[in-house]
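Topology and contacts: notes
Spelled out, the chains give:
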Amino acid sequence: MALIVLFGTFVFLLVIGTPIAFCLGVASFATILTLGLPPVVVFQRLNSGVAVFSLMAIPFFIFAGDLMVRGGIAARLVALAGSLVGHLRGGLGQVNIAASTMFGGISGSAVADASAVGGLMIPQMKARGYGVDYAVNITSVGAIIALLIPPSHNMIIYSISAGGRISIADLFTAGVLPGLLLALSLMITAYWVASRRGYPTEPFAGFGRALQLLVAAIPGLILIAIIFGGVRSGVFTATESSCIAIVYAFLVTLIIYRSMSWGDFVAATTASVRTTAMVLMIIGCAAAFGWLLAYLRVPAALVAFLQSVSDNKLVILLLINVVLLILGTFMDMSPLIIITTPIFLPVVMAYGVDPVHFGVILILNLGIGLCTPPVGAVLFVSCAIGRIPIWTAMRSIWPFYGAAFAVLMLVTYVPEISLWLPGLFH
């Protein structure tokens, strides 16, 4: 009965359009009452869910990303990407993906990536004769790269959801090769689609111009090295690196680029506070929901069920991927990480899957969900920038979905893609 109340209340509220944080919180409260436990348990679990020191990195990385978008760092990265890959078939599409890869290494947020890169690239692509659906699709799926390239704050959420036992530095390192592989697969797909549609290439500006743009973008690129190198080497923690990222971004945009006005600073601060409040509210309510799942022994029951279905690790991983892809179509990423990690992590570990490897699988899988309706936040942002209905984009997004799914399968069944690079540091 308690499980029926928990999931029934959650699904009902979700269907009628209730914000996800309230779906999780109200469902948890109703279940606590059903079990006869003190209602204060919900608030204790909500508080303990957000009272985690490692979570401090998330608002700081969000703020740093907002500062970089409004301070001109994103625009310089896009210009650099254009000088390097703009001459390929479907030039601006290739630029879009390359810029997402570089900016993702700074912001760590798919939504920020779609907003920054999409805001710069989609209008340009429309003006130069590219189909708006092509521009929106590339922006949406390309933004997933930011979830894998450090500093992904979703990796931090996964580590915390796993009880803090998984090294954030290892997770950051494990996402690098899958992120680059995803970028390469999307660039190949963009080239193929552009060839079929007859889209143009951009003229090559020459190595001299590329060098000029590289020099202009170096302050932004250095930030990637500071974040990744510092965390990986142990010089500072992920939380400390996020604070350094803010100070560095502020100094670069204010002193070097001189593009940060007082209005831009206020807008970046306001936007990051709003985003942080939403993320932490979801994390807190999801923590209460996740505690109830553990209390009701859902993970143990799921392990027993999957073991009764098959004892083949490959089959189990496929089933989990399918379940996550379905869940990702109607739930946002952060709560899904918090809810599903305690459920599926014990399952895959029972089959010998490394928790770092599973973290990359989970992040990439749920990242695809951000580009699928009805709750695809990244797809919503890209369509809003392109000013087209979601279903218009959906009609032609399938080649890019296929590329992302192919990478997901490679990452799932070839663990070395995720584990080789972290292994070099041990």
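Just above sits the structure.
Given the structure is predicted, the values throughout are model-derived calculations rather than measurements.

To continue, consider the layout of surface pockets. As a volume, the largest pocket reaches approximately 1,000 Å³. Lining of the largest pocket is provided by 39 residues; of these, Val111, Thr275, Met278, Asp332 and Ala377 occupy positions nearest its centre. For the lining of the largest pocket, the elements supplying multiple residues, two or more each, are helix 2 (20-35), helix 4 (57-70), helix 7 (110-127), helix 10 (153-161), helix 15 (262-295), helix 18 (333-350) and helix 20 (377-386). Sorting elements by how many residues they give to the lining of the largest pocket places helix 15 first, with 7 residues.

With that settled, the discussion passes to the packing of aromatic side chains. On inspection of all chains with the given rule, the structure shows 11 aromatic pairs. Relative to Phe289, the ring of Phe7 lies with its centre 6.1 Å away and its plane at 85°, an arrangement referred to as edge-to-face. In this pair, Phe7 is assigned in helix 1 (residues 2-15) and Phe289 in helix 15, connecting sequence segments 282 residues apart. For Phe289, a relative accessible area of 1% gives the class buried.

Where helix 4 meets helix 14 (residues 238-256), the closest approach of the two axes is 8 Å, and the angle between their N-to-C directions is 20°. With respect to helix 14, the element helix 4 is oriented roughly parallel. Where helix 4 crosses over helix 14, the handedness of that crossing is left-handed. Of the residues in helix 14, those in contact with Ala57, Phe60, Phe61, Phe63, Ala64, Leu67 and Met68 of helix 4 are Ala238, Thr239, Ser241, Ser242, Cys243, Ala245, Ile246, Ala249, Phe250 and Thr253. For the contact of helix 4 with helix 14, a count of residues per class yields 13 nonpolar, 4 polar and no charged.

Residues apart from glycine generally show negative phi values, whereas peptide bonds are mostly found in trans. Residues other than glycine seldom take positive phi values, yet Arg258 does so here, at roughly 55°. Tracing the chain through its elements places Arg258 in the loop between helix 14 and helix 15. Accessibility expressed as a relative area gives 72% for Arg258, which makes it exposed. Positive phi, normally seen in glycine, also occurs at Arg387, with a value near 60°. Mapping Arg387 onto the fold places it in the loop between helix 20 and helix 21 (390-394). For Arg387, a relative accessible area of 75% puts it in the exposed group.

Criteria and thresholds
- Residues numbered from 1 in each chain as written.
- Predicted model: local features only at pLDDT ≥ 70, side-chain atom pairs only at ≥ 80, totals over all residues.
- Heavy atoms only, no water.
- 1 Å grid on protein atoms, 1.4 Å probe; cavity = no way out; pocket = protein on both sides within 12 Å on 5 of 7 lines; lining within 4 Å.
- Points joined across faces, edges and corners; volume = space filled by probe spheres on them.
- Helix = DSSP H or I, 4+ residues; strand = E, 2+ residues; numbered from the N terminus.
- Phe/Tyr/Trp six-rings, centres within 6.5 Å; stacked < 30°, edge-to-face > 60°.
- Buried < 20%, exposed > 50% of the residue type's maximum accessible area, 1.4 Å probe, protein only.
- Axes fitted to C-alpha atoms, helices over the stretch in contact; angles between N-to-C directions.
- Parallel < 35°, antiparallel > 145°, perpendicular 65-115°, else oblique.
- Left-handed = near helix turned anticlockwise from the far one by under 90°.
- Contact = heavy atoms within 4.5 Å.
- Nonpolar A, V, L, I, M, F, W, Y, C, P; charged D, E, K, R; others polar.

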